[in-house]
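Notes for the structure review
Residue strings, one per chain:
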Amino acid sequence: MKFGRALREVVRFEILYKLFILCLVNPVMREIYQTYISSVGVSFNAQIVGIFLNLKGAFIFLLLFFTAAFLIFFELSVVVRIVALCRAGAPFRLRTVMKTALWSLGALRGPGVVPAALYYVLFLPVVQTGYINALVPGVTIPEFIFDEMRRTPPLGQIGMVLLYVLLYGTFLALLFVPVRMALQRERFGAAAKSGFACWKRIGLTGALQVLAVLLLWLAAATEIARFWRRNPLENSDFDGNFLKFLVYSEAFRKDLVYWALMAVLFAAGMTAFLYVALRHLSPDAGAVLHPDWQADNAALVQIAVRKLRKLWARVRAALGKKRWKAAAGAVCLFLAAYLVLNCWLPPLRHAPVSIGHRGCNAAIENTVEAVLAADAAGMDYAEIDVQLTADGVPVVFHDTGLSRLSDASGSLADYTWDALQAVTLRDEYAHPGETAKIPSLEMVLQAAQAAPNDIGLLIELKGDALRQEQLAEAVLRLVEQYDFGGRAMFMSLDYYSVMLLHAAHPEWWVGYCVFGSVGDIDDSIWRYNIDFLAVEENMVTNRLVTQAREHGLPTYVWSVNDNEKMLQYMEMGAVGIISDWTDTRAVVDAFNAAHSGVEYAGRDEAPAQDTARLQ
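Bear in mind the structure is a predicted one, so any value in this text is a computation, not a measurement. (Residues numbered from 1 in each chain as written. Predicted model: local features only at pLDDT ≥ 70, side-chain atom pairs only at ≥ 80, totals over all residues. Heavy atoms only, no water.)

Points about the pattern of salt bridges
Following the criterion strictly, the structure yields 17 salt bridges and no others. Between Asp255 and Arg230 there is a salt bridge whose closest N-O contact spans 2.9 Å. Taken together, the residues Asp255 in helix H10 (residues 250-281) and Arg230 in the loop between helix H8 (188-227) and helix H9 (242-248) connect sequence positions 25 residues apart. For the residue pair Asp255 and Arg230, the accessibility class agrees, reading buried in each case. Put simply, Lys254 and Glu571 hold a salt bridge, and the shortest N to O gap is 2.7 Å. Of the two residues, Lys254 sits in helix H10 while Glu571 sits in helix H19 (residues 563-572), which places them 317 residues apart along the sequence. Here the salt bridges share partners, and the residues they tie into one network are Arg230, Glu250, Lys254, Asp255 and Glu571. (Salt bridge = Lys/Arg side-chain N within 4 Å of Asp/Glu carboxyl O. Helix = DSSP H or I, 4+ residues; strand = E, 2+ residues; numbered from the N terminus. Buried < 20%, exposed > 50% of the residue type's maximum accessible area, 1.4 Å probe, protein only.)

Notes on empty space enclosed by the protein
To find leftover empty space, one rolls a probe the size of a water molecule over the atoms. One pass over the structure, following the stated rule, counts three cavities of 30 Å³ or more. The calculated volume of the largest cavity comes to roughly 60 Å³. Per element, the largest residue contribution to the lining of the largest cavity is three residues, and it comes from helix H18 (residues 542-550). Classifying every residue of the lining of the largest cavity gives six nonpolar, three polar and two charged. (1 Å grid on protein atoms, 1.4 Å probe; cavity = no way out; pocket = protein on both sides within 12 Å on 5 of 7 lines; lining within 4 Å. Points joined across faces, edges and corners; volume = space filled by probe spheres on them. Nonpolar A, V, L, I, M, F, W, Y, C, P; charged D, E, K, R; others polar.)

Concerning a nonpolar patch on the surface
Where nonpolar side chains cluster on the molecular surface, the patch consists of Phe20, Leu24, Val28, Ile32, Phe59 and Leu63 and spans about 520 Å² of accessible area. Elements represented by at least two residues in the nonpolar patch include exactly helix H1 (2-40) and helix H2 (55-88). By the secondary structure assignment, Leu63 is in helix H2. Exposure remark for Leu63: the relative accessible area of 35% places this residue in the partly exposed category. (Patch = residues over 30% accessible without salt bridge, like charges linked within 9 Å, V, L, I, M, F, W, Y side chains within 5 Å. Areas by Shrake-Rupley, 256 points an atom, 1.4 Å probe, with all protein chains shown as cover.)

Some words on the packing of helix H4 (residues 113-127) against helix H7 (residues 177-184)
Contact pair H4 / H7: the axes reach a minimum separation of 12 Å and the direction vectors enclose 120 degrees. Comparing their axes, H7 and H4 come out oblique. Of the two possible hands of crossing, H4 and H7 adopt the one that is left-handed. For the pair H4 and H7, the contacting residues are Ala116, Tyr119 and Tyr120 in the first and Val177, Pro178 and Met181 in the second. Across the contact of H4 with H7, the residue classes break down as six nonpolar, no polar and no charged. (Axes fitted to C-alpha atoms, helices over the stretch in contact; angles between N-to-C directions. Parallel < 35°, antiparallel > 145°, perpendicular 65-115°, else oblique. Left-handed = near helix turned anticlockwise from the far one by under 90°. Contact = heavy atoms within 4.5 Å.)

Description of the confidence of the model for the chain
Mean pLDDT over the chain stands at 86; residues scoring 70 or higher make up 87%. When the criterion is pLDDT under 50, residues 284-288 qualifies, and its contacts beyond four places in sequence or with other chains add up to 13 contacts. Taken as a whole, residues 603-615 scores under 50 in pLDDT and shows 33 contacts with residues more than four places along the chain or in a different chain. (pLDDT = per-residue confidence, 0-100.)

Details of the pairing of strand E7 (residues 456-461)
Among the six residues that make up E7, six are buried, leaving the element largely enclosed by the rest of the structure. Burial along E7 is two-sided: the face carrying Gly456, Leu458 and Glu460 and the face carrying Leu457, Ile459 and Leu461 are both buried. Note: strand E3 (residues 381-388) against E7, six bridges, orientation parallel. From the neighbouring strand, Asp385 faces E7, where its bridge partner is Glu460. Bridge analysis of E7 against strand E8 (residues 488-492) gives five bridges, and the strand direction is parallel. Its bridge partner lying in E8, Leu461 is registered against Ser492. Tracing the backbone out of E7, into helix H16 (residues 468-481) and back to the parallel element E8 gives a crossover that is right-handed. (Pairing = 2+ DSSP bridges. Right-handed = clockwise from strand over helix to strand, strands pointing away.)

Some words on the nonpolar core
Counting 81 residues, the largest nonpolar core has Tyr120 and Met181 as its most contacted members. Put simply, the parts of the chain that give this core at least two residues each are H1, H2, helix H3 (94-101), H4, helix H6 (155-173), H7, H8 and H10. For this core, the element with the most residues is H2, which contributes 19 residues. Every residue in contact with Met181, bar those within four places of it in the chain, is listed here: Phe73, Ser104, Ala107, Leu108, Ala116, Tyr120, Glu186, Arg187, Phe188 and Ala191. (Core = buried A, V, L, I, M, F, W, Y, C linked by side-chain atoms within 4.5 Å.)

Set out below in structure tokens:
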């Protein structure tokens, strides 16, 4: 069966290419990238934009970006050729297809290489339909962006719909671009134009069949996502810590099986899609399957092949000698000892805790009612956002502007405390018909102090660049006044604010909040004087959590509103789940009960009030 053969050959190639990417390409590209990042310093949050705005940074970025584009296009070109050859019933060898696929790289030339690189490296991995590659299998838009859009009806929801319409509309318009570039060696612009013509050429029947395969792909992906809601493994998980993850990460062992199954399913889906598409594009699509390697090109290839064969023969001969066998055995023993010694991980600092995001979703966010609802649900902490009014009063509110949750306009920082008392909060998206007032930090501290279940507060400082010290001093003053340091944790996206708090009270539990970084977060952040790390869930990987654990830093994840992902992050080693949902309490309790035999390092420097809860 032609399709069966195509499927076998594509899966075989994808396995080999994934190994090539994971074992060789990824480490080399990562080393180049990290060498540059380390030379200028890893940047976090708002500082990530400008790190490549210099000549050296731009050169490194463009080098890696276009290298990725060439590697992805080569992979897809091989897959397209395999399917086309199998459809034609032509005999071939995989290495021959790979060699002739190099000819297709000529399509990535001229000005069109820029949009082509954006298409292959960013656009297709975002869509994740039809074409899948090993180097950048997926690009995920951070969930907190969609969360903010959902919280801003109706414009936010309209924006989400328009985003998906634009995304998939563009995808369909450019659907045949990889086929045209791979088989006809057309440049991106020409391939886009001829791709439009392909829709007309395949006719209504062909178009319906192609769309049916893509819709089946989306339906299957949606159903799988409903069943398996956990985040997939990333390429960074397959590094020198692979064995450590395998031993210590309960999540990694589960997700590795899922990763392998999905790799095969995606390869099968891509094969089926291309098989149907090429059926209606032939014979035009198959016109150039075996381009001639002539003159100097052929001579250079033959010379390179001969040299590689001679090198391989020498390696095999050397390994056949006893002294080389002894040396290889010694190296293997050394590597085994190294792996065993480096597999040890220190115990986690404390058992996982549940933290309500902006209070919790049972009331309008960042209000006294939301904090008390989190306490009633048994949450360990309620996270709140604190910023200053125009007259220096610390209030609990997330946005810089008031328009999303009220009829007022302008920035909160332009209002005095008295003026804010006239502002009525509404959230028609989550709490239709309910109203509330913006509370001061003092009001929330009083409510938490009197709460029956002794809920703690995770206070996030959201001061602007000009009033960081003023906000930190105001928070310090109130927390000291109410003697609440023993039931509070503190964090900020701004490290300077964190430093101010830690300098004043080294015994307080102070952390750094991160939503993005340029470079591996572990390369510099471990030198920060912090007690924990709070990261946006899009950043959570086995590597990050393991590195944090090795440096004695608990990892808290925000904002997780899916029970399966909560479980996944705790299995990785995260010990704080920040969520809108009060159901988090039950998920964390169930996880702790199932892992009751785990020993924790304890949090001796933490206030005694929290010790029983966190150990």
